[in-house]
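Below, each chain spelled out in residue letters.
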Amino acid sequence: MNSFDSGGTHRPASLRDWLSGEPFTLVMSSGFFSFFAHCGIVSVLEEEGLTPEAIAGSSAGALTGGLWAAGLPAQEISEFYCSMDKAAFWDPAPGPGFLRGRLFRQMLRRMSPAARIEDCRIPVSVSAFDLLRFRVAAMKQGDFADVIYASCAVPFMFRPIRIGRGYFVDGGVADRPGLAGVPPGTRVFYHHIAARSPWRRANSSALRVPERSNMISLVVRDLPRPGPNALELGREAWEMSRAALRQALDRPVTRPVIEVDPTTGSLEPAAGMRGADA
């Protein structure tokens with residue numbers, strides 16, 4: 001059951017109060033090219049001085065969370081994302097994935113202030129799927145670029161990567177939320193990407209906001225869906241997620257899942273979601 005301490009018996013605490021009251025872990029879900037939206041969330045947290053004690057994520061969440069944990073300011077991450085073009089990571093070649101992924105890893109090595117995941121200024125855990133053991137791995141050590149790439153390697157789009165004795169692909173395959181490396185009971189602020197996915201069944205459990213004790217989840221309605229051929233939608237997703245968190249920060253928190261429509265200012269609790277990218 002997803003429960004949380006609202007911070008008061010007479011007046012429910014605001015999200016800002018909840019985030020600043022005690023240490024929390026920031027968790028961000030997978031969602032194809034939704035790293036733009038995640039960047040909007042971390043930019044507001046950074047501006048407000050609401051720094052998490054740890055970060056976890058899967059795929060798009062691992063990318064933004066990893067760069068921020070490594071010490072790259074949110075503004076630099078957003079500038080990097082919004083100036084990126086397809087040629088920066090597009091390296092097709094025959095193999096078990098359309099893209100080799102070398103350009104992607106080179107890009108990560110240029111951008112990250114940390115060479116290894118364990119050297120990040122904020123402890124970080126990213127989820128990847130181990131093809132040989134057929135299970136999720138919560139990765140907290142290793143070469144930064146290789147580990148983040150492993151979490152982001154969408155099957156058939158990017159080649160799997162060998163790390164140690166395993167071959168890894170996108171963490172969203174089996175841990176879309178990115179919670180695998182977060183101990184039970186941890187105080188969690190979770191950003192859930194909710195957008196229609198062409199490869200998930202409408203009733204797939206992966207589409208739902210996960211239930212977990214002591215976790216508040218933020219869901220932004222109707223985010224645009226950037227992709228390799230629609231990177232220009234990324235800035236709009238970034239702006240919408242920023243607006244949504246700004247709207248949520250000073251509103252009372254009465255339930256653990258907050259759904260925001262940044263275009264209307266509507267903020268309401270939500271029991272479940274309509275669909276999500278893998």
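Please read all numbers here as calculations on a predicted model, not as lab measurements.

Conventions used here
Residues numbered from 1 in each chain as written. Predicted model: local features only at pLDDT ≥ 70, side-chain atom pairs only at ≥ 80, totals over all residues. Heavy atoms only, no water. Buried < 20%, exposed > 50% of the residue type's maximum accessible area, 1.4 Å probe, protein only. Helix = DSSP H or I, 4+ residues; strand = E, 2+ residues; numbered from the N terminus. Arc of directions from axis to C-beta. Contact = heavy atoms within 4.5 Å. Core = buried A, V, L, I, M, F, W, Y, C linked by side-chain atoms within 4.5 Å. Phe/Tyr/Trp six-rings, centres within 6.5 Å; stacked < 30°, edge-to-face > 60°. Lys NZ or Arg CZ within 6 Å of the ring centre and 35° of its normal. Axes fitted to C-alpha atoms, helices over the stretch in contact; angles between N-to-C directions. Parallel < 35°, antiparallel > 145°, perpendicular 65-115°, else oblique. Left-handed = near helix turned anticlockwise from the far one by under 90°. Nonpolar A, V, L, I, M, F, W, Y, C, P; charged D, E, K, R; others polar.

### Comments concerning helix H5 (residues 102–111)
For H5, the set of buried residues is Phe 104, Arg 105, Met 107 and Leu 108. Summarising the axial view, the buried residues of H5 lie within an arc of 155°, below the 170-degree limit, and thus occupy one face. Those residues of H5 that are buried are in contact with helix H3 (60–70), helix H4 (74–83), helix H6 (144–152) and strand E5 (161–163).

### Observations concerning the nonpolar core
Here is a general trend for soluble globular proteins: nonpolar side chains tend to be buried in one another's company. Core analysis: the biggest nonpolar cluster contains 75 residues, and Leu 15, Leu 19, Leu 26, Leu 63, Tyr 81, Phe 189 and Leu 245 have the highest contact counts within it. Counting residues per element, this core draws most heavily on helix H2 (residues 35–48), at 8 residues. What Tyr 81 contacts, discounting residues up to four positions off in sequence, is Phe 35, Phe 36, Cys 39, Leu 63, Thr 64 and Leu 67. One finds Ala 56, Val 182, Val 188 and Tyr 190 within the second-largest nonpolar core, a separate group that totals 11 residues.

### What to know about the packing of aromatic side chains
Within a pair of aromatic rings, the relevant descriptors are the distance that separates the centres and the angle that separates the planes. Taken as a whole and assessed by the stated rule, the structure comprises 13 aromatic pairs. With a centroid separation of 5.7 Å and 80° between ring planes, the pair formed by Tyr 149 and Phe 158 is classed as edge-to-face. A residue is classified by how much of its surface remains accessible, and Tyr 149, at 0% relative accessible area, is buried. Taking the relative accessible area as the measure of exposure, Phe 158 reaches 6% and is therefore buried. Following the ring pairs from residue to residue traces out a cluster consisting of Phe 32, Phe 33, Phe 35, Phe 36, Phe 80, Tyr 81, Phe 89, Trp 90 and Phe 98. One residue, Arg 121, lies across the ring of Trp 68, its end atom 5.7 Å from the ring centre. Here the guanidinium or amino end of Arg 187 rests over the ring plane of Trp 18, the centre of that ring lying 3.9 Å away.

### Notes on the packing of H2 against helix H7 (residues 234–249)
Where H2 meets H7, the closest approach of the two axes is 7 Å, and the angle between their N-to-C directions is 45°. It follows from the interaxial angle that H2 and H7 lie oblique. Where H2 crosses over H7, the two elements pack in a sense that is right-handed. Together, Phe 36, Ala 37, Cys 39, Gly 40, Ile 41, Ser 43, Val 44, Leu 45, Glu 47 and Glu 48 of H2 and Gly 234, Arg 235, Ala 237, Trp 238, Ser 241, Arg 242, Leu 245, Arg 246 and Leu 249 of H7 make up the contact between the two elements. For the contact of H2 with H7, a count of residues per class yields 10 nonpolar, 4 polar and 5 charged.

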